[in-house]
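Next come the chains, spelled out residue by residue.
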Amino acid sequence: MSLLYEYRAFLFSGFVQTLLMSLVVALGTTSIAIVLAAALRSSLRPIRTLGYTLVELLRDIPLMVNVLMVYFMLPMIGLGFGPFWSACIAISIWGGANGAQILRAGLNSVSNGQRETAAAFNFGPLKALFLIVLPQAMPIIIPPYVGLMTAVVQATALGAVVGATELLRTGQILIEQTTIMRGGTPAYLVYGSILVVYFILCSLISFVGGRIESYYQRP
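In this text the structure is predicted, and so the values were computed from the model without any measurement.

A. Local environment of the overall build of the protein chain. A count of helical and extended segments in the protein chain gives 9 helices and 0 strands. When its helices and strands are written in sequence order, the protein chain yields α-α-α-α-α-α-α-α-α. When the backbone C-alpha atoms are referred to their principal axes, the protein chain occupies close to 75 × 45 × 20 Å. Put simply, the protein chain has 219 residues, and 38% of those count as buried.

Okay, structure coming up:
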């Protein structure tokens, strides 16, 4: 434990980077999911077909491959990003494709009769969506979407593969330096502490998701 205290500033900088990455991928995942879900539910067949193609393609590519492709291949066409943004973009794309299917399934669970009733009361499409459809769809959307959020937060650890100095990468650097300079390895201590941090982060997300789900399940 003294080792963790000695390098607390270094590890804390990695923790802050992980929090920033988590926030970016959560926002990115949600934004992409909304756009793709709108495409999946479009009344225009070409847009709907394009949406399904993109969703299935992005879901079927392994997340690790996604990260490596964004980091190493995009610079070849002049769109190079640093390790931080490469990891965030790749994870957000993957998460958005999975989130789109969750949103689509939740919205489809609300019967067309609800929308027809809203139209009969002169509710516009957006008003009907936010006041009639979403409140009924949220209890179905929230549980799998919370699971997706925990998955993308855990996936920020893949930033270490391309050199992003998030929590896992700072832990790896600490282990390497300590092993070389002092002998022995603090791997169990460092990785165990990182495991606890990710467990707490994901538990907080699950707690918040549970509170939101309870709110929408009220009579």
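After that view of the structure, there is still more to cover.
B. The arrangement of the side chain of threonine 150 in detail. Looking at the secondary structure, you find threonine 150 in helix α7 (residues 125–155). Looking at threonine 150, the relative accessible area reads 13%, which means it is buried. In this structure threonine 150 touches Cys202, Ile205 and Ser206, once residues within four positions along its chain are discounted.

C. Structural detail: the nonpolar core. Judged by nonpolar contacts, the single largest core of 33 residues is most densely connected at Leu63, Ile91, Ala100, Ile141, Tyr145, Leu148 and Val152. Those elements giving two or more residues to this core turn out to be α2 (8–40), α3 (45–60), α4 (63–72), α5 (83–108) and α7. For this core, the element with the most residues is α5, which contributes 11 residues. Grouped together as the second largest cluster of nonpolar side chains are 13 residues, Leu11, Ala157, Ala160 and Ala187 included.

D. Representation of the packing of α7 against helix α9 (residues 187–216). Across the interface, α7 lies against α9 with an axial gap of 9 Å and an inter-helix angle of 175°. By the angle between their directions, the pair α7 and α9 is classed as roughly antiparallel. Across the interface between the two elements, Pro135, Met138, Pro139, Ile142, Pro143, Val146, Met149, Thr150, Val153 and Gln154 from α7 touch Tyr198, Leu201, Cys202, Ile205, Ser206, Gly209, Ile212, Glu213 and Tyr216 from α9.

E. Inspection of the environment of glutamine 136 at higher detail. Residue position: glutamine 136 is located in helix α7. Exposure remark for glutamine 136: the relative accessible area of 36% places this residue in the partly exposed category. It is 40 Å that separates the C-alpha atoms of glutamine 136 and serine 193, two residues lying 57 residues apart in sequence. The contacts of glutamine 136, once residues within four sequence positions are left out, are Val110 and Gln114. Among the polar contacts listed, one links the side chain of glutamine 136 to the side chain of glutamine 114, at a separation of 3.1 Å.

F. Quick peek at the side chain of serine 22. Its place among the elements puts serine 22 in helix α2. The buried category is assigned to serine 22, whose relative accessible area is 10%. Leaving out residues up to four positions away in the same chain, serine 22 has contacts with Val153 and Thr156.

G. Structural context of the pattern of salt bridges. Tallying each qualifying case throughout the model produces 1 salt bridge. With a shortest N-O distance of 3.5 Å, glutamate 56 and arginine 59 are connected by a salt bridge. Placement of the pair is glutamate 56 and arginine 59 together in helix α3, with a separation of 3 residues, close to one helical turn.

H. Region of the structure containing the packing of aromatic side chains. For the coordinates displayed, the defined rule picks out 4 aromatic pairs. When the ring of phenylalanine 12 is compared with that of phenylalanine 15, the centres are 6.2 Å apart and the planes differ by 40°; the resulting orientation is tilted. With a gap of 3 residues between them, phenylalanine 12 and phenylalanine 15 both fall in helix α2, about one helical turn apart. Judged by relative accessible area, which is 24%, phenylalanine 15 ranks as partly exposed. With centroids separated by 5.2 Å and ring planes inclined at 85°, the aromatic side chains of tyrosine 215 and tyrosine 216 adopt a geometry described as edge-to-face. Classification of tyrosine 215 as partly exposed rests on a relative accessible area of 47%. The exposure class of tyrosine 216 is partly exposed, given its relative accessible area of 31%. Its guanidinium or amino end placed over the ring of phenylalanine 123, lysine 127 lies 4.7 Å from that ring's centre, counting from NZ or CZ.

Parameters and conventions
Residues numbered from 1 in each chain as written. Predicted model: local features only at pLDDT ≥ 70, side-chain atom pairs only at ≥ 80, totals over all residues. Heavy atoms only, no water. Helix = DSSP H or I, 4+ residues; strand = E, 2+ residues; numbered from the N terminus. Buried < 20%, exposed > 50% of the residue type's maximum accessible area, 1.4 Å probe, protein only. Contact = heavy atoms within 4.5 Å. Core = buried A, V, L, I, M, F, W, Y, C linked by side-chain atoms within 4.5 Å. Axes fitted to C-alpha atoms, helices over the stretch in contact; angles between N-to-C directions. Parallel < 35°, antiparallel > 145°, perpendicular 65-115°, else oblique. Polar contact = N/O pair within 3.5 Å; in protein donor to acceptor, adjacent residues only side chain to side chain. Salt bridge = Lys/Arg side-chain N within 4 Å of Asp/Glu carboxyl O. Phe/Tyr/Trp six-rings, centres within 6.5 Å; stacked < 30°, edge-to-face > 60°. Lys NZ or Arg CZ within 6 Å of the ring centre and 35° of its normal.

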